[in-house]
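So you can see what is in the structure, the chains are spelled out below.
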Amino acid sequence: MKRISITLLSLLFVGLSAFLTSCFKDLDVVPLGNSVTAATVYDDVDSYKKVLAKLYAGLALSGQEGPAGQPDISGIDEGFSTYLRQYWKAQELTTDEAVIAWNDGNIHDFHQQDWDANNEFITAMYNRIFYQIALVNEFIRETTDEKMTARGASDAIKAEVATYRAEARFLRALSYYHALDMFRNVPFVTEEDAVGSFFPTQTNTNDLFAYVESELKAVESLLVDARANEYARADKAAAWMVLAKLYLNAEVYLGEGRYTEAAEYCQKVIDAGFSLDANYADVFKADNHNSTEMIFPIAFDGTRSKTWGGMTFLVHAAVGGSMSPSEFGIDGGWGGVRTTKAIVDKFPSTAGGSVLVAPSEGNTASYAKLYVPGSYQGWDPANESTTVTSPNNDSTYEGYFWFAAGDKFKFAPEANWDNAYGDDGGALSLSGADIPVAEAGLYHVVADIKNLTYTLEKTEWGIIGSATPGAWDNDTDMAYDTTDNSVSIVIDLAAGEIKFRANDDWALNYGDTGADAILEAGGDNIVVPAGTYRIKLFLDKPDYTYSIELVSFDKRAMFHTDGQNLEIEDIAQFTEGYAVAKYFNVTSTGLVGSDVTFVDTDFPLFRLADAYLMYAEAVVRGGGGSMASAVNYVNTVRERAYGGSGGNITQSELTLDFLIDERARELLWECHRRTDLIRFGKFSESSYVWPWKGGTPGGVSTDKKYNVFPIPASDIGANPNLQQNTGY
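An account of the accompanying structure is given in this report.

Now for the overall build of the chain. Secondary structure summary: the chain contains 19 helices and 26 strands in total. Scored against the burial criterion, the 728 residues of the chain give a buried share of 60%. If you take every contact in the chain between residues at least 6 apart in sequence, the share linking residues at least 24 apart comes to 67%. Split by element, the accessible area of the chain, about 25800 Å² in all, is 48% carbon and sulfur. Put simply, the chain has 56 plus and 101 minus side-chain charges, and the middle of one group is 7 Å from the middle of the other.

As structure tokens, this is what we get:
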């Protein structure tokens, strides 16, 4: 299924436990399944690539067999134990982006933000990080020039393995970056530490930051050029992405901004030749190995890399309720993870549809009416559709009619010709003449039967407001649509407010005071998000109403709402909270993956759209670069989402508040949210709350200590060199 020419994935289950034995003498983690020795593994030079495959597999799989058997780490169910599954939970369940229905262990500690050092999921994440680091350390020890020469490796093999070593060092730096981001002050070991039983010393945030930075810069020149390596293997662009993230978060880690370097390394990625896929949804399907924007994925294959974690978890766990598993290319949903209202509300359309405001039926039946028979409708006084009404029942009636030039009409109190008011010198009279219309148009007709007066005013409508191109200074004209008797327009709007106004004047204008789609004369401004809209004004019957439909709407709002409640009263119920229909085990052409249980879809750990948004953020935060480029990169991302320029923003709209929400829209469920919220000061000790944050339905602010996870109690107890993170 995957487009991989090497044995990277087909040899993931090779028995490499020999060298794992010694590496775990470095750390307090128990290795499982020892059967061969390091000398045996490395005696065959072909094994170097197989061991490299195991290093990459450490991000995806759980052990030496698939989908279970001979697990890499102990102390937790093997299906729960994979690197990506734990990383996803730590980065997403702790935020507004996800809740989980299950009650496994202390999993609810995550979205309640009340975990401690005994949480088994935090421990599993910690152990995974250091298992991965131990694997790399051993690989680097066993691939020195001296050892390879002693084994009879040729110069060509040694040159190739030098690239493998650079990739291994990248993977170790990636894991140490995760350790820095999640745990800060952790035990620290490299290949320079002697193999044997010892207590690793604890590094600190500053030193670990410096180490990750120096390692990535050291391997930058040793890695294959961007987009030149085999699929799912690291290249220069992967290293640039980690450096960019390191610098973007430096103010959190070090207390000082490194935004200039963040912008610099984002630009390196942007200039490397990646491009956004034409269809956003295709980036998350079973053939996303063909994606042009994928910088560094975690690769999965339903036939050759079976696991209960990783993407198998992420696809199955997101399906439940009324969702059809077959549409997702799987044999059943697990009914686990959904999102919160806080995320749904960041999209202009809550259901991924297009209607923001639907027209109201109003209260037509309850209003007193005056019939308006005329040549325009066949002189039929019984026609209920051609009336003016008196909402206040005060003898004053009004309405709107489209008249052709030369049309005539009268007013009839009843649906017959017993009495009819016509024009008598500008006043109304039962003996008056037919009222003529000089030119075609949409007319506002007002009749005061008590005072026997009437007005006939031709109207030309437009919209005005801060969201429109003319702001509050100039109307944007609308046009009459004979198909549904509406006044309509298709228009690009910025986020802001609008009103309807006749004849470029405030004498006749409508707003929506109750936000109920019923218009009132002089009513409140109507708030709209940015987008390309088809707006219709309906004046053909009371109450006057309107509709706002997104012609071009944010297609990233991939929510399944059928049978789902937006509000989450009971986390244990999958139908509480909108489901996220983002990851599929179906290809972009509609083919089901190679296996309906274990999925083919790769996880997009780093992709181009993230680099665009990080660059924009670095510029806004004062990192230099080009503001014009920043706006352009953001709009490039949004043009794909909206299918055009309808979602484009201006430079004044490119703010930090906009960017944190845009990152949620673009990168939902891609393991960025926890880090992002912390960087923006919205994760803890913040007025920004979401459902079940802090363990309450409405959400509450939480202690700042939760910005960092605790060192697991098991490691604190086993290693006297370690001190617990503050607050735990």
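Further remarks concern the side chain of Arg665. Assignment of secondary structure puts Arg665 in helix α17 (residues 656-667). A distance of 2.7 Å separates the side chain of Arg665 from the backbone oxygen of Lys346, its partner in a polar contact. Residues contacting Arg665, with those up to four places away along its chain left out, are Tyr280, Lys346, Phe347, Asp554, Arg556, Arg638 and Phe658.

On inspection of all chains with the given rule, the structure shows 4 cavities of 30 Å³ or more. Space inside the largest cavity adds up to approximately 140 Å³. Tyr87, Tyr177, Lys245, Cys671 and His672 are the residues nearest the centre of the largest cavity, which is lined by 19 residues in total. If you list the elements that add at least two residues to the lining of the largest cavity, you get α4 (83-93), α8 (155-182), α10 (236-248), β26 (603-607) and α18 (673-679). The element that contributes the greatest number of residues to the lining of the largest cavity is α8, accounting for 4 residues.

With the rule as written, the count across this model stands at 49 aromatic pairs. For the pair Trp402 and Tyr480, a centre-to-centre distance of 4.5 Å together with 5° between the ring planes defines the contact as stacked. One end of the pair, Trp402, is in strand β7 (residues 396-403); the other, Tyr480, is in strand β16 (residues 479-481), with 78 residues separating them in the sequence. By relative accessible area, Trp402 is classed as partly exposed at 38%. Seen from their ring centres, Phe409 and Phe411 are 5.5 Å apart, and the 85° between their planes marks the pair as edge-to-face. With respect to class, Phe409 is no different from Phe411; both count as buried. The side chain of Lys582 reaches across the aromatic face of Phe284, ending 4.4 Å from its centre. Seen from the ring of Phe680, Arg621 lies directly overhead, with NZ or CZ sitting 4.6 Å from the centre.

This paragraph deals with the pairing of β26. Taking burial as the measure, the 5 residues of β26 include 5 buried ones, the bulk of the element. Here strand β2 (residues 294-298) pairs with β26 via 3 bridges, running antiparallel. Looking across to β26, one finds that Ile298 is bridged to Phe603.

Once that is clear, we can look at the environment of Ala427. Position of Ala427 among the secondary structure elements: in strand β10 (residues 427-429). On the basis of relative accessible area, Ala427 is assigned to the partly exposed category, the value being 28%. The contacts of Ala427, once residues within four sequence positions are left out, are Gly422, Leu452 and Tyr454.

What follows covers unusual backbone geometry. Peptide bonds are, in most cases, trans, and in most cases residues other than glycine have a negative phi. Note that the residue after Pro542, namely Asp543, is joined by a cis bond; omega there is -15°. Mapping Asp543 onto the fold places it in the loop between β22 (531-538) and β23 (545-552). Located in the positive-phi region is Ala517, a residue other than glycine, with phi close to 70°. With respect to the helices and strands, the residue Ala517 is situated in the loop between β19 (509-511) and β20 (520-521). The buried category is assigned to Ala517, whose relative accessible area is 5%. Of note in the backbone geometry, Cys671 takes a positive phi value of approximately 70° without being a glycine. Tracing the chain through its elements places Cys671 in the loop between α17 and α18.

Using the criterion set out here, one finds 46 salt bridges in the structure. One salt bridge in this structure joins Glu191 and Arg172, with 2.6 Å as the shortest N-O distance. Taken together, the residues Glu191 in the loop between α8 and α9 (205-220) and Arg172 in helix α8 connect sequence positions 19 residues apart. Judged by its relative accessible area of 1%, Arg172 is buried. Measuring nitrogen to oxygen at the nearest pair gives 3.9 Å for the salt bridge that ties Lys268 to Glu220. Within this pair, whereas Lys268 is found in helix α12 (residues 259-270), its partner Glu220 is found in helix α9, the two being separated by 48 residues in sequence. By relative accessible area, Glu220 is classed as buried at 14%. Taken together, the salt bridges that share partners define one network made up of Glu293, Asp554, Arg556, Lys582, Arg607, Arg638, Arg640, Glu662, Arg665, Glu666 and Glu670.

Covered by surrounding structure in strand β14 (residues 461-464) are Trp461 and Ile463 together with Gly462 and Ile464, the residues of both alternating faces. As defined by bridge partners, β14 adjoins strand β18 (residues 496-502) across 4 bridges and the pair is classed as antiparallel. The partner of Ile463 across the bridge, within β18, is Phe500. Here β14 runs beside strand β15 (residues 476-477); their pairing, made up of 2 bridges, is antiparallel. Note on β15: the bridge partner recorded for Gly462 is Asp477.

What follows is about a negative patch on the surface. On the surface, Glu457, Glu460, Asp477, Asp504 and Asp505 cluster together to form a negatively charged patch. The class for Asp505 is partly exposed, based on a relative accessible area of 40%.

Two numbers describe how α4 lies on α8: the axes approach to 13 Å, and their chain directions differ by 30°. It follows from the interaxial angle that α4 and α8 lie roughly parallel. Judged by the twist between their axes, the crossing of α4 over α8 is left-handed. From α4, Tyr83, Tyr87, Ala90 and Gln91 reach across to α8, where they touch Ser175, His178, Asp181 and Met182. Class assignment of the residues belonging to the contact of α4 with α8 gives a composition of 4 nonpolar, 3 polar and 1 charged.

A word on the state of the cysteines. In this structure the tally under the stated criterion is 0 disulfides. Cysteine Cys266 remains unbridged, with the sulfur of Cys671 as its closest cysteine sulfur at 18 Å. Classification of Cys671 by relative accessible area gives buried; the value is 2%.

What counts, and at which threshold
Residues numbered from 1 in each chain as written. Predicted model: local features only at pLDDT ≥ 70, side-chain atom pairs only at ≥ 80, totals over all residues. Heavy atoms only, no water. Helix = DSSP H or I, 4+ residues; strand = E, 2+ residues; numbered from the N terminus. Buried < 20%, exposed > 50% of the residue type's maximum accessible area, 1.4 Å probe, protein only. Contact = heavy atoms within 4.5 Å. Areas by Shrake-Rupley, 256 points an atom, 1.4 Å probe, with all protein chains shown as cover. Lys, Arg positive; Asp, Glu negative; His and termini not counted. Charge placed at Lys NZ, Arg CZ, Asp CG, Glu CD. Polar contact = N/O pair within 3.5 Å; in protein donor to acceptor, adjacent residues only side chain to side chain. 1 Å grid on protein atoms, 1.4 Å probe; cavity = no way out; pocket = protein on both sides within 12 Å on 5 of 7 lines; lining within 4 Å. Points joined across faces, edges and corners; volume = space filled by probe spheres on them. Phe/Tyr/Trp six-rings, centres within 6.5 Å; stacked < 30°, edge-to-face > 60°. Lys NZ or Arg CZ within 6 Å of the ring centre and 35° of its normal. Pairing = 2+ DSSP bridges. Salt bridge = Lys/Arg side-chain N within 4 Å of Asp/Glu carboxyl O. Patch = residues over 30% accessible without salt bridge, like charges linked within 9 Å, V, L, I, M, F, W, Y side chains within 5 Å. Axes fitted to C-alpha atoms, helices over the stretch in contact; angles between N-to-C directions. Parallel < 35°, antiparallel > 145°, perpendicular 65-115°, else oblique. Left-handed = near helix turned anticlockwise from the far one by under 90°. Nonpolar A, V, L, I, M, F, W, Y, C, P; charged D, E, K, R; others polar. Disulfide = S-S within 2.5 Å.

Don't take any of this as a statement about function, it's just geometry.
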